[in-house]
Amino acid sequence: MSPPVLSVRNLRVEFPTRRGTLVAVDDVSFDIGPGEVLGVVGESGAGKSMTGTAVIGLLEPPGRIASGEVWLQGERIDRLPPEKMRRVRGRRIGMVFQDPLTSLNPLYQIGEQLIETIRTHTDASPAVARKRAIGLLEAAGIQGAARRIDSYPHEFSGGMRQRVVIALALAAEPDLIIADEPTTALDVSIQAQIIDLLKTLCRDRGAAIMLITHDMGVIAETADRVAVMYAGRIAEIGPVRDVVQRPQHPYTKGLMGSIPTLEMGGTRLTQIPGSMPRLTAIPTGCAFNPRCNAAFDRCRVERPDPMQTGTGAVACWLAARAADEADPANQMHPTRMAP
Amino acid sequence: MNIALPAVPSSLAEPATMSDLVQVRELSRVFDVSKPWLNRVIEREPRKLLKAVTDASFSIRRRETLALVGESGSGKSTVAKMVVGLLQPTAGDVRIDGKNIWGGEDLTLLRRRIQMIFQDPYASLNPRWRVDAIIADPIRAFGLAKDSAEIDHRVGELLQLVGLDPLDGRKYPHEFSGGQRQRICIARALSSKPEFLVCDEPTSALDVSVQAQILNLMRDLQDQFGLTYLFISHNLAVVRHMADRIGVMYLGRIVELAPTEHLFRTPQHPYTRMLLDAVPDLAMSGRPRKKVEGEIPNPIDPPKGCAFHPRCPLAFDRCKSEVPLPRARTSASFVACHAVERAELTQPAA
């Protein structure tokens, strides 16, 4: 297997506040391979956007990476000085945010913004850069790109603007795209187009994608692997088919059951009682234990780390116990407690 | 000239029956989005009118959930506002239990029976009021309790009904999460003992696990109190879960209306089919999908004829010049499409 494009190791993001330190991202590790789409899914406050922001080094102070490492193609980037990090962003990591209107400068024509990006990161001449900008817009599905390149962002519709933002993210041919809720602000019929576009463009160019979204449907359509986040930690990670169809973590199971689907019709939705804990009050032990209907003593005192389960990993004592029962010699976890 | 067809006026597409609680007939709303007068004179621009809703007709039976789905700008929220009486229609009428709510009649008694739940539970609760005061307000306004002890008792009951603690009434809205706030909105809506609830995207601001809680709650309450819902959403899966019948809106018109099962099993209008194809396939069933083409046109300057024709794979000449009228298929469904009509003429439905 080829070395990963992005490798995040034990990432921890803290926010020091007057009332103590809040941990927004806690011990998160994952890899993204070349051309791979990793979906990061979770509800509001799960820490998914914070993970993305930490990777590109755009945490708003007082937020900071407290520990852990971020490697981009074998180079550690979490400790780069701001000036060097700025070169990494845009050149080697492209970004697509939720709201296409705020990601574009309303005072500049989209062509200027694209050409500026291309020329910042490559030594193309203005004419070459303009040609490439038109090519990018065409690849992003904007018809009449040569004419529309001199339009301002407000002259485009929401879907078209998101295409421009994607073109902008791809301008310097980055190795990794971080897309944070790229389709959330768009209508369903436009959403499908944008997902298709993001996927084909990255496949053609061999770029990896970290796709952050709350929408499991988008993940199922797009991602190769998926990481499910809960209260700042990865609850479960694995190939998308396994996680969607055979979820192992009780949270993932509840989440999947709570999504209305076209196939299921009018049956009652599964309910997870309660809601995601606030960062100020994360329960001890497994953060999900107060809402989990299968929690046992151990879940309330000891925090589970992700444990390998064949194709993926799941942070749940139930899975550990099941594996123990299947194979008593299995040493999946360091500390063993009486059941 | 085209072949003369037995046109069914849209008002007759659904004969009003005794069991209909809500009847909406040829409801239209036009917004004036022109620049100020002086600018128009200087720049020689004509008035700009936005037809948000055109000739929307439907009825809702008692205890039924009718959903309106559509993308942004389709006019579904405008319909909701006109049905509850928050926005005056340009034309057409809304009858609730036989009473025309825009006909100048005294509506005091009717108002109590209609309530609304809004999309954003952060914006629809007054941050300076305690929750018990928010929920008690409709009870006071309609004089539904004789003293404050009875009001307190009723507020406690309502909070319990929506899954909150009666003691939560002493708190302010900011102390609650989004899902809990939406529960408070539901409690407030129920406090006047309404029969008809208009829900405008009640769960789109919520996380999925919370959305499931609210949707389940809304269905339980409907069973318990025999409520009638007009449910507005852009999410087809949510609508499938909640509705008995679904109307699909595109650029201000209801292009198809059918019972939920029919709409999902045999969608007729090409736009409905396109919308269904666009829904992400969560079950990963590998169902075949067609690529969605094009964008929603600008509603200020919609295409001539059928507004969907530039994106429609079945469009032919007639679609470009003539607006298709809704044609009844059964007593509870209609579709407005020339292509569907033509297909039926050449191949009569069994």
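Computed from a prediction, not measured in an experiment: that's the story for all the values here. (Residues numbered from 1 in each chain as written. Chains lettered and ligands numbered in written order. Predicted model: local features only at pLDDT ≥ 70, side-chain atom pairs only at ≥ 80, totals over all residues. Heavy atoms only, no water.)

1. So, the side chain of Ser-233 of chain B
Next, step 1: Secondary-structure assignment places Ser-233 of chain B in strand E8 (residues 228-233).
Next, step 2: Within the structure, Ser-233 of chain B has its side chain in polar contact with the backbone nitrogen of Asn-235 of chain B (distance 2.9 Å). (Helix = DSSP H or I, 4+ residues; strand = E, 2+ residues; numbered from the N terminus. Polar contact = N/O pair within 3.5 Å; in protein donor to acceptor, adjacent residues only side chain to side chain.)

2. Overview of the environment of Met-82 of chain B
All names here are of chain B.
Next, step 1: Along the chain, the position of Met-82 falls in helix H2 (residues 76-84).
Next, step 2: Met-82 sits in the buried class, given a relative accessible area of 0%.
Next, step 3: Sequence-wise, Met-82 and Leu-27 are 55 residues apart; in three dimensions their C-alpha atoms are separated by 8.5 Å.
Next, step 4: The residues contacting Met-82, other than those within four sequence positions of it, are Leu-27, Ser-28, Arg-29, Val-53, Leu-87, Gln-88, Pro-89, Val-94, Ile-101 and Trp-102. (Buried < 20%, exposed > 50% of the residue type's maximum accessible area, 1.4 Å probe, protein only. Contact = heavy atoms within 4.5 Å.)

3. Topic: the pattern of salt bridges
Next, step 1: Counted by the stated rule, this structure contains 36 salt bridges over all chains.
Next, step 2: Between Asp-242 of chain A and Arg-246 of chain A there is a salt bridge; the shortest N-O distance is 2.9 Å.
Next, step 3: The residue Arg-245 of chain B makes a salt bridge to Glu-64 of chain B at a minimum N-O spacing of 2.7 Å. In this pair, Arg-245 of chain B is assigned in strand E9 (residues 245-250) and Glu-64 of chain B in the loop between strand E2 (49-61) and strand E3 (65-69), connecting sequence segments 181 residues apart.
Next, step 4: Exposure remark for Arg-245 of chain B: the relative accessible area of 2% places this residue in the buried category. (Salt bridge = Lys/Arg side-chain N within 4 Å of Asp/Glu carboxyl O.)

4. Thoughts on the confidence of the model for chain A
Next, step 1: Per-residue confidence for chain A gives a mean pLDDT of 87; residues scoring 70 or more make up 95%.
Next, step 2: Counting contacts from residues 331-339 of chain A, a segment whose pLDDT is below 50, to residues more than four positions away or on other chains yields 17 contacts. (pLDDT = per-residue confidence, 0-100.)

5. What to know about the packing of aromatic side chains
Next, step 1: Enumeration according to the criterion identifies six aromatic pairs over all chains in this entry.
Next, step 2: Relative to Phe-288 of chain A, the ring of Tyr-251 of chain A has its centre 5.3 Å away and its plane inclined at 65°; by these criteria the two rings are edge-to-face. Taken together, the residues span a long stretch of sequence, with Tyr-251 of chain A in helix H10 (residues 250-257) and Phe-288 of chain A in the loop between H10 and helix H11 (297-301) at a distance of 37 residues. The two residues Tyr-251 of chain A and Phe-288 of chain A agree in class, both being buried.
Next, step 3: Plain terms: the ring middles of Tyr-250 of chain B and Phe-308 of chain B are 5.1 Å apart, the flat faces sit at 85° to each other, and that makes the pair edge-to-face. Taken together, the positions of Tyr-250 of chain B in strand E9 and Phe-308 of chain B in the loop between helix H10 (270-278) and helix H11 (317-321) put the pair 58 residues apart, joining distant regions of the chain. In this structure, Tyr-250 of chain B and Phe-308 of chain B share a single accessibility class: buried.
Next, step 4: Every member of this aromatic cluster is reached through a ring pair, and the members are Tyr-230, Tyr-251 and Phe-288 of chain A.
Next, step 5: Its end group placed over the ring of Trp-317 of chain A, Arg-298 of chain A keeps NZ or CZ at 3.6 Å from the ring centre.
Next, step 6: Across from the ring centre of Phe-264 of chain B, 4.8 Å away, lies the NZ or CZ of Arg-240 of chain B, which sits over that ring. (Phe/Tyr/Trp six-rings, centres within 6.5 Å; stacked < 30°, edge-to-face > 60°. Lys NZ or Arg CZ within 6 Å of the ring centre and 35° of its normal.)

6. What about the layout of surface pockets?
Next, step 1: Reported here for the second largest pocket is a volume of approximately 740 Å³.
Next, step 2: In this structure, the second largest pocket is lined by 34 residues; those nearest its centre are Ser-275, Met-276, Pro-277 and Arg-278 of chain A together with Ser-177 of chain B.
Next, step 3: It is helix H6 (residues 178-190) of chain B that provides the largest number of residues to the lining of the second largest pocket, a total of three residues.
Next, step 4: Partitioned by chemical class, the residues of the lining of the second largest pocket number 16 nonpolar, eleven polar and seven charged. (1 Å grid on protein atoms, 1.4 Å probe; cavity = no way out; pocket = protein on both sides within 12 Å on 5 of 7 lines; lining within 4 Å. Points joined across faces, edges and corners; volume = space filled by probe spheres on them. Nonpolar A, V, L, I, M, F, W, Y, C, P; charged D, E, K, R; others polar.)

7. Regarding the state of the cysteines
Residue and element names in this part refer to chain A.
Next, step 1: Summed over the entire model, instances satisfying the criterion amount to zero disulfides over all chains.
Next, step 2: As a non-bridged cysteine, Cys-292 has Cys-299 as the owner of its nearest cysteine sulfur, 6.2 Å distant.
Next, step 3: Judged by relative accessible area, Cys-292 falls into the buried class, the value being 16%. (Disulfide = S-S within 2.5 Å.)

8. Considering the interface of chain B and chain A
Next, step 1: Listed by partner, the interface residues are 43 residues for chain B and 43 residues for chain A.
Next, step 2: For the pair chain B and chain A, the summed buried surface comes to about 3600 Å²; carbon and sulfur atoms form 54% of the total.
Next, step 3: The tally of links from chain B across to chain A stands at one salt bridge.
Next, step 4: Those elements giving two or more residues to the side of chain B that touches chain A turn out to be helix H7 (208-225), helix H8 (236-242) and H10 of chain B.
Next, step 5: With ten residues, the single largest contributor to the side of chain B that touches chain A is H7 of chain B.
Next, step 6: Looking at the side of chain B that touches chain A residue by residue, the classes come out as 20 nonpolar, ten polar and 13 charged. (Buried area = accessible area lost by both parts, 1.4 Å probe.)

9. Quick word on the nonpolar core
Next, step 1: The biggest cluster of nonpolar side chains holds 108 residues, and the ones touching the most others in it are Leu-6, Phe-30, Leu-137 and Leu-176 of chain A.
Next, step 2: Looking at this core, the element that brings in the most residues is helix H6 (residues 158-170) of chain A, giving eight residues.
Next, step 3: If you count residues domain by domain, this core takes at least three from each of domain 1 (1-92 + 175-329) and domain 2 (101-171) of chain A.
Next, step 4: Once you skip the residues sitting within four places of it in the chain, Leu-137 of chain A turns out to touch Ile-110, Leu-114, Ile-142, Ala-145, Ile-149, Val-164 and Ala-167 of chain A.
Next, step 5: Counting 67 residues, the second-largest nonpolar core is a separate cluster that includes Phe-176, Tyr-229, Cys-312 and Phe-316 of chain B. (Core = buried A, V, L, I, M, F, W, Y, C linked by side-chain atoms within 4.5 Å. Domains from an automatic or database assignment.)

10. So, helix H7 (residues 188-205) of chain A
Next, step 1: Look at H7 of chain A: 26 Å from first C-alpha to last across 18 residues, which is about the 26 Å you get at 1.5 Å a residue.
Next, step 2: Looking only at H7 of chain A, the buried set comprises Val-188, Ser-189, Ile-190, Gln-191, Ala-192, Gln-193, Ile-194, Ile-195, Leu-197, Leu-198, Leu-201 and Cys-202 of chain A.
Next, step 3: Buried residues along H7 of chain A sit in contact with helix H4 (126-139), H6, strand E7 (176-180), strand E8 (208-213) and helix H8 (216-222) of chain A together with H10 of chain B.
Next, step 4: Just beyond H7 of chain A, the residue with positive phi is Gly-206 of chain A, at close to 70°. (Expected span 1.5 Å × (residues − 1).)

11. Things to note about empty space enclosed by the protein
Next, step 1: By the definition in use, this model includes three cavities of 30 Å³ or more.
Next, step 2: Considered as a void within the structure, the largest cavity measures approximately 60 Å³ in volume.
Next, step 3: Around the largest cavity, the lining residues are His-249, Pro-250, Cys-286, Phe-288, Asn-289, Cys-292, Cys-299, Pro-304, Cys-316, Trp-317 and Leu-318 of chain A.
Next, step 4: The class makeup of the residues in the lining of the largest cavity is nine nonpolar, two polar and no charged.
Next, step 5: As for the second largest cavity, its lining consists of His-269, Pro-270, Cys-306, Phe-308, Cys-312, Cys-319, Pro-324, Cys-337, His-338 and Ala-339 of chain B.
Next, step 6: A class-by-class count of the residues in the lining of the second largest cavity yields eight nonpolar, two polar and no charged.

12. Overview of the confidence of the model for chain B
Regions with low pLDDT carry predicted coordinates that are not meant to be interpreted in detail.
Next, step 1: With 91% of its residues at a pLDDT of 70 or more, chain B shows a mean pLDDT of 87.
Next, step 2: Two summary scores accompany this predicted model of the complex, namely pTM at 0.82 and ipTM at 0.76.

13. Focus on the sheet that holds strand E5 (residues 75-76) of chain A
In any sheet, the strands associate via hydrogen bonds between backbone groups, in a parallel or an antiparallel arrangement.
Residues and elements named next belong to chain A.
Next, step 1: Reading across the sheet, the four strands line up as E2-E1-E4-E5 and stay open at both edges, with antiparallel pairing between neighbours. Looking along the sheet, the strands with just one partner apiece sit at the ends: strand E2 (20-32) and E5.
Next, step 2: Here strand E4 (residues 64-72) runs beside E5; their pairing, made up of two bridges, is antiparallel. Within E5, the residue paired with Leu-72 across the bridge is Glu-75.
Next, step 3: Contacts between helix H1 (residues 48-55) and the sheet are confined to strand E1 (6-17), E2 and E4, with E1 contributing the most and set at about 110° to the helix. (Pairing = 2+ DSSP bridges. Axes fitted to C-alpha atoms, helices over the stretch in contact; angles between N-to-C directions.)

14. What about the sheet that holds strand E4 (residues 91-96) of chain B?
Residues and elements named next belong to chain B.
Next, step 1: Pairing is antiparallel across the open sheet formed by four strands, whose spatial order is E2-E1-E4-E5. The strands lining the two open edges of the sheet, one partner per strand, are E2 and strand E5 (99-100).
Next, step 2: By the bridge criterion, five bridges tie strand E1 (residues 20-32) to E4 in an arrangement that is antiparallel. Looking at E4, one finds that Gln-23 is bridged to Arg-95.

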